[in-house]
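Commentary on secondary and tertiary structure
Below, each chain spelled out in residue letters.
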Amino acid sequence: MAVEMMTTQRKYELPPLPYAADALEPQISKEQISIHHDKHHQGYVTGANANLERLEKARQEGAELDMKALLKELSFNIGGHVLHTLFWPTMAPAGRGGGGTPGGALADLIEREWGSFNRFKAEFTKAAASVEGSGWAALACCPITDRPIIMQIEKHNTNVYPSFRILMVLDVWEHAYYLDYQNNRGQFIDAFWNVVNWDTVDKRLENI
Ligand code: MN
């Protein structure tokens, strides 16, 4: 029974990139995307699965666990996996699905909340630029008010509003841009606006 439980347990898996690794050049290089996806994202998937296996093993053995430490790691790894899984399809090659301005319901939502796309862009940019250390900027929707809101996530799991639906994310960990932009996070954020896949973001909104 124990073995069967182990083999049928569902695991996290690294999703493939929705485009070729060089598709976002020159905004993001093939090398930068490859390392980010194949090494860093994979690391969170591997880490989350390892954390779950430790839980499972301890249950089978009836062993004690340091729950506080383990759950902190698990939250970090699952957060990393979920956010990266949202990140890759948030982008598309510039001029081929990426860049420009949003349309559809998303454009209306942004207009209603921020008054203009440029005001939203400025606030999102500032949220991303000012993350202390490693983290993310995210556009999310509040399920209580139906209003969009910007989250500034530290690491992968701090300052996340529970149950808010995330529509769009920008990774501003140094591992996301250091090969291409060194310490110039601002240049990376500027480049990101040229590859945002607004159709994907709009579809996420319409599927809430
Ligand atoms: Mn990352």
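In this text, all values refer to a predicted model and were calculated from it rather than measured experimentally.

Okay, the coordination of the manganese ion next. Taken together, His36 (NE2), His84 (NE2), Asp171 (OD) and His175 (NE2) make up the protein donors of the manganese ion, found 1.9 to 2.1 Å from the metal. Sequence spacing among the residues donating to the manganese ion works out to H-x47-H-x86-D-x3-H. In this pair, histidine 36 is assigned in helix α2 (residues 30-61) and histidine 84 in helix α3 (residues 67-87), connecting sequence segments 48 residues apart. Of the two residues examined, histidine 36 and histidine 84, each falls in the buried class.

Residue placement: asparagine 197 occurs in the loop between α7 (185-192) and α8 (198-206). Take asparagine 197: its relative accessible area is 14%, and that puts it in the buried class. A distance of 3.1 Å separates the side chain of asparagine 197 from the side chain of threonine 200, its partner in a polar contact. Discounting chain neighbours no more than four positions away, the residues touching asparagine 197 are Pro89, Thr90, Met91, Ala92 and Gly97.

If you look at the biggest cluster of nonpolar residues, it comprises 54 residues, and the most contacted ones within it are Phe120, Phe124, Met168 and Trp193. Top element by residues in this core is strand β1 (residues 135-141). It accounts for six residues. Dropping the residues within four chain positions of it, tryptophan 193 is found in contact with Gly99, Gly100, Phe117, Phe120, Lys121, Phe124, Thr125, Met168 and Trp198.

Conventions used here
- Along each chain, residues carry numbers from 1 onward, in the same order as the chain's sequence is written.
- Local features are withheld for residues below a pLDDT of 70 in this predicted model, meaning they are given only at 70 or higher, and side-chain atom pairs are given and counted only at 80 or more; totals for whole chains, interfaces and linings count all residues.
- Where side-chain values are given, they derive from all heavy atoms of the structure, hydrogens and water being excluded.
- Here the coordinating atoms are restricted to nitrogen, oxygen and sulfur within 2.8 Å of the metal centre, or 3.2 Å for Na, K and Ca, and because water is not among them the sites may look incomplete.
- For the purposes of this entry, the term helix denotes a DSSP run of H or I that reaches at least four residues, the term strand denotes a run of E that reaches at least two, and both are numbered from the N terminus.
- Only protein chains enter the accessibility calculation, which uses a 1.4 Å probe. A residue is then buried if its area is under 20% of the maximum for its type, exposed if over 50%, and partly exposed in between.
- For the purposes of these results, a polar contact is taken to be a pair of N or O atoms within 3.5 Å, where, inside protein, one atom must be able to donate a hydrogen and its partner to accept one; residues adjacent in sequence count only when each atom of the pair is a side-chain atom.
- Working rule for contacts: check all heavy atoms of both residues, and any pair within 4.5 Å makes them a contact.
- Residues grouped as a nonpolar core are buried Ala, Val, Leu, Ile, Met, Phe, Trp, Tyr and Cys residues, joined through side-chain atoms within 4.5 Å.

Everything listed is a geometric property; what it means functionally is a separate question.
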